[in-house]
Amino acid sequence: MTDTKAVEFVGHTAIVVFGASGDLAKKKTFPALFGLYREGYLSNKVKIIGYARSKLDDKEFKDRIVGYFKTKNKGDEDKVQEFLKLCSYISAPYDKPDGYEKLNETINEFEKENNVEQSHRLFYLALPPSVFIPVATEVKKYVHPGSKGIARIIVEKPFGHDLQSAEELLNALKPIWKEEELFRIDHYLGKEMVKNLLAFRFGNAFINASWDNRHISCIQISFKEPFGTEGRGGYFDSIGIIRDVIQNHLLQVLTLLTMERPVSNDPEAVRDEKVRILKSISELDLNDVLVGQYGKSEDGKKPAYVDDETVKPGSKCVTFAAIGLHINTERWEGVPIILRAGKALNEGKVEIRVQYKQSTGFLNDIQRNELVIRVQPNEAMYMKLNSKVPGVSQKTTVTELDLTYKDRYENFYIPEAYESLIRDAMKGDHSNFVRDDELIQSWKIFTPLLYHLEGPDAPAPEIYPYGSRGPASLTKFLQDHDYFFESRDNYQWPVTRPDVLHKM
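Residues numbered from 1 in each chain as written. Predicted model: local features only at pLDDT ≥ 70, side-chain atom pairs only at ≥ 80, totals over all residues. Heavy atoms only, no water.

As for the packing of helix H5 (residues 132–142) against helix H6 (residues 163–173)
Okay, so step 1: Direction vectors running N to C along H5 and H6 enclose 10 degrees, while the axes themselves pass 10 Å from each other. In terms of their interaxial angle, H5 and H6 are classed as roughly parallel. For the pair H5 and H6, the contacting residues are Phe 132, Ile 133 and Ala 136 in the first and Leu 169, Ala 172 and Leu 173 in the second.
Okay, so step 2: Considering only residue class, the contact of H5 with H6 consists of six nonpolar, no polar and no charged. (Axes fitted to C-alpha atoms, helices over the stretch in contact; angles between N-to-C directions. Helix = DSSP H or I, 4+ residues; strand = E, 2+ residues; numbered from the N terminus. Parallel < 35°, antiparallel > 145°, perpendicular 65-115°, else oblique. Contact = heavy atoms within 4.5 Å. Nonpolar A, V, L, I, M, F, W, Y, C, P; charged D, E, K, R; others polar.)

Some points on the confidence of the model for the protein
Okay, so step 1: On average, residues of the protein score 91 in pLDDT, and 94% of them are at 70 or above.
Okay, so step 2: In this model, residues 1–9 is a region of pLDDT below 50 whose contacts with residues beyond four sequence positions or in other chains number 18 contacts.
Okay, so step 3: Every residue in residues 498–504 is under pLDDT 50, and counting partners more than four places away or in other chains gives 24 contacts. (pLDDT = per-residue confidence, 0-100.)

Observations concerning unusual backbone geometry
Okay, so step 1: Following Lys 157, the chain continues into Pro 158 via a peptide bond in cis, with omega recorded as 10 degrees.
Okay, so step 2: Note the cis peptide between Gln 376 and Pro 377, where omega equals -10 degrees.
Okay, so step 3: Considering the arrangement of structural elements, one finds Pro 377 in the loop between strand E12 (370–376) and strand E13 (380–388).
Okay, so step 4: In the Ramachandran plot, Asn 115 falls in the positive-phi region, its phi being about 55 degrees despite a non-glycine side chain.
Okay, so step 5: Considering the arrangement of structural elements, one finds Asn 115 in the loop between helix H4 (97–113) and strand E4 (119–125).

Focus: a negative patch on the surface
Okay, so step 1: A surface patch of like charges, here negative, comprises Asp 98, Glu 101, Glu 105, Glu 109 and Glu 113.
Okay, so step 2: Mapped onto the elements, Glu 109 comes out in helix H4. (Patch = residues over 30% accessible without salt bridge, like charges linked within 9 Å, V, L, I, M, F, W, Y side chains within 5 Å. Areas by Shrake-Rupley, 256 points an atom, 1.4 Å probe, with all protein chains shown as cover. Salt bridge = Lys/Arg side-chain N within 4 Å of Asp/Glu carboxyl O. Lys, Arg positive; Asp, Glu negative; His and termini not counted. Charge placed at Lys NZ, Arg CZ, Asp CG, Glu CD.)

Quick word on the sheet that holds strand E10 (residues 337–342)
Okay, so step 1: Strand order in this open sheet of nine strands is E14-E13-E12-E11-E7-E10-E9-E8-E15, and the pairing throughout is mixed. Looking at the sheet topology across the chains shown, the edges are occupied by strand E14 (396–404) and strand E15 (462–465). Put simply, the sheet's adjacent strands are angled 20 degrees from each other on average, direction ignored.
Okay, so step 2: Contacts from helix H11 (residues 240–258) reach strand E7 (216–224), strand E9 (320–325), E10 and strand E11 (349–356) within the one sheet, and its direction differs from that of E10 by about 145 degrees. (Pairing = 2+ DSSP bridges.)

Structural notes on the nonpolar core
Okay, so step 1: One finds Phe 18, Phe 30, Leu 42, Phe 123, Ile 242 and Phe 446 to be the most contacted residues of the largest nonpolar core, which totals 148 residues.
Okay, so step 2: Split by domain, this core shows at least three residues from each of two domains, domain 1 (13–156) and domain 2 (189–414 + 435–481).
Okay, so step 3: Excluding residues within four positions of it along the chain, Phe 123 makes contact with Val 16, Phe 18, Val 139, Val 143, Ala 151, Arg 152, Ile 153, Ile 154 and Trp 177. (Core = buried A, V, L, I, M, F, W, Y, C linked by side-chain atoms within 4.5 Å. Buried < 20%, exposed > 50% of the residue type's maximum accessible area, 1.4 Å probe, protein only. Domains from an automatic or database assignment.)

Some words on the pattern of salt bridges
Okay, so step 1: Evaluated as defined, the whole model comprises 29 salt bridges.
Okay, so step 2: Lys 26 is paired through a salt bridge with Asp 23; the nearest N and O atoms lie 3.5 Å apart. Of the two residues, Lys 26 and Asp 23 are both situated in helix H1 (residues 23–38); the distance of three residues between them amounts to about one turn of the helix.
Okay, so step 3: A relative accessible area of 17% means that Lys 26 is categorised as buried.
Okay, so step 4: Classification of Asp 23 by relative accessible area gives partly exposed; the value is 46%.
Okay, so step 5: Among the salt bridges present, the one from Asp 424 reaches Lys 195, with a minimum N-O distance of 3.2 Å. Of this pair, Asp 424 sits in helix H14 (residues 417–427) while Lys 195 sits in helix H7 (residues 192–195), placing them 229 residues apart in sequence.
Okay, so step 6: Under the relative-accessibility criterion, Asp 424 is labelled buried at 4%.
Okay, so step 7: On the basis of relative accessible area, Lys 195 is assigned to the partly exposed category, the value being 31%.
Okay, so step 8: Because the salt bridges share partners, they merge into one network encompassing Lys 224, Glu 347, Lys 349, Glu 351, Arg 353, Glu 370 and Lys 384.

A short note on H11
Okay, so step 1: A rise of 1.5 Å per residue sets the reference length of H11, with its 19 residues, at 27 Å; its end C-alpha atoms lie 26 Å apart and thus fit the reference within 8%.
Okay, so step 2: The largest bend along H11 measures about 45 degrees and falls at Ile 246. (Expected span 1.5 Å × (residues − 1). Bend = angle between axes of the 7 residues up to and from the residue.)

Examining the UniProt feature "domain: Glucose-6-phosphate dehydrogenase NAD-binding" (unreviewed entry) in the protein
Okay, so step 1: UniProt feature "domain: Glucose-6-phosphate dehydrogenase NAD-binding" (unreviewed entry): in the numbering of this structure it lies at residues 16–196.
Okay, so step 2: The span residues 16–196 carries 43% helix and 18% strand; its end-to-end C-alpha distance comes to 29 Å. (UniProt positions renumbered as here; feature names shortened; annotations may be inferred.)

Notes on the sheet that holds strand E3 (residues 87–91)
Okay, so step 1: Spatially, E3-E2-E1-E4-E5-E6 is the arrangement adopted by the six strands of the open sheet, whose pairing is parallel. Edge positions in the open sheet fall to E3 and strand E6 (182–185), since each of these has one partner strand only. Mean inter-strand twist for the sheet, computed between neighbouring axes without regard to direction, equals 20 degrees.
Okay, so step 2: Lying over the sheet, helix H2 (residues 58–66) contacts strand E2 (47–52) and E3, oriented at roughly 115 degrees with respect to E3.

Structural notes on the packing of aromatic side chains
In this description, a pair of aromatic rings is defined by centroid distance and the angle of the planes.
Okay, so step 1: In the structure shown here, the tally under the stated rule is 21 aromatic pairs.
Okay, so step 2: Seen in terms of ring centroids, Tyr 188 and Phe 223 are 6.4 Å apart; in terms of plane orientation they differ by 50 degrees. Their pairing is tilted. Of the two residues, Tyr 188 sits in the loop between E6 and H7 while Phe 223 sits in strand E7, which places them 35 residues apart along the sequence. Both residues of the pair, Tyr 188 and Phe 223, count as buried.
Okay, so step 3: On the basis of an interplanar angle of 85 degrees and a centroid distance of 5.1 Å, the ring pair of Tyr 483 and Phe 485 is categorised as edge-to-face. (Phe/Tyr/Trp six-rings, centres within 6.5 Å; stacked < 30°, edge-to-face > 60°.)

Quick look at H4
Okay, so step 1: Between its terminal C-alpha atoms H4 stretches 24 Å, which fits the 24 Å expected from 17 residues at 1.5 Å a residue.
Okay, so step 2: Where H4 is buried, its residues meet strand E1 (14–18), E2, E3, E4 and H5.
Okay, so step 3: Once H4 finishes, Asn 115 follows within two positions and takes phi at roughly 55 degrees, a positive value.

Quick notes on the packing of helix H12 (residues 267–279) against helix H15 (residues 436–454)
Two quantities define a packed helix pair, namely the angle between the axes and the distance from one axis to the other.
Okay, so step 1: One way to put it is that H12 packs onto H15 with a least axis distance of 9 Å and a crossing angle of 20 degrees. When the axis of H12 is compared with that of H15, the two are roughly parallel. For the crossing formed where H12 meets H15, the hand is left-handed. Residues Arg 271, Lys 274, Val 275, Leu 278 and Lys 279 of H12 touch H15, and the partners they reach there are Asp 437, Glu 438, Gln 441, Ser 442 and Ile 445.
Okay, so step 2: Of the residues assigned to the contact of H12 with H15, the class counts are three nonpolar, two polar and five charged. (Left-handed = near helix turned anticlockwise from the far one by under 90°.)

As structure tokens, then:
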């Protein structure tokens, strides 16, 4: 359901997607733009230009992107055709001025035809980091409207490979683009359940009152993928799961979970608090780190990571990591916070688990309360709590207060992450984007660990079977970090709700 009162257009905006022929653009960027148009959050007055080196004509370009558009009903097919009429394509190199001059002429013609008084241009770099600086430089030189308008540029991750490369990237961009014009996108900040964290925490007195080390014993933020590198091991071998997921996505979720209340809802006030919490994280202790690499599945049908022909022989690349963090603030002192992520696991899921301390009193067999926020799939949040078994029994059992979005918000439009973030960038809202000092602090936390895991004396990762929960030592690791496993005899999910089966 579209909230008609909230429909906002940013009319006559020129949107340029660099890397328009690549996978990211066709699978995420253009479908996100169409999703906004389908729901009425993108004006039919915009001009969308794809820019890439691939030599495609207009039809080839549109045929390439249209297959990834999501339609909800028959009427959306008309919207697909309307949207495609807003799109065009320019084939040109990234390192020569001719294409940028043509791009500027195209935008100028669009603005002249529509009597645009103040230019509004959004540039999306769906590109590898190696061409960030050349493209950003040429766009500023040839396509920026200057004092006649507003320009904003969205930069995709990865923002560097370590602290040094991140600083080099920032220093190269600073002379070209102002910080207020830059939008460093981390798509997890656009996910509905992640965007809901601040409202959930600070908008509910009973949650806010218990959100500290007096009540909470452990926090887990987990990312699980049921597939391996699938032939992309050569790329992943230089990245690893920590760079791929933990240093960015999961750390961003951690900041929203643990930051103090901002002084206002101003984007910079929010980002100030995120930076403060990052600065409060202790130096990582190697004893708080568990790393693994997937081997063959137990039935032998799925290959090990090193069986991928694109992976270098004997690779110690980390495909699973569990990292215990400690925050040196009055609120969180003594509470272990575990970030864990892995490939080739038993399921695909991203969730937050906040486990409360044991209740004391006259009742026996009382389990710990646990708040679970499922980011994907099937967005939900539920609280595990204790209740008397119905009837004459005086025994207690564990049940749940359950908010599953597909049930409660069946007819609501819940935007994809990229839809939400592109709309924020068009509005100039930085709340859900990564600031420069935030980026530096995140790399300061993880760079020493990465150097240790990738150095000449790197430890061998623990091998775990493809399709398992992860390394065999994971259970002990979680227990050592104060996570308590409840008795399975005392709790069972409703059999009518298979989408929320409890799998740790």
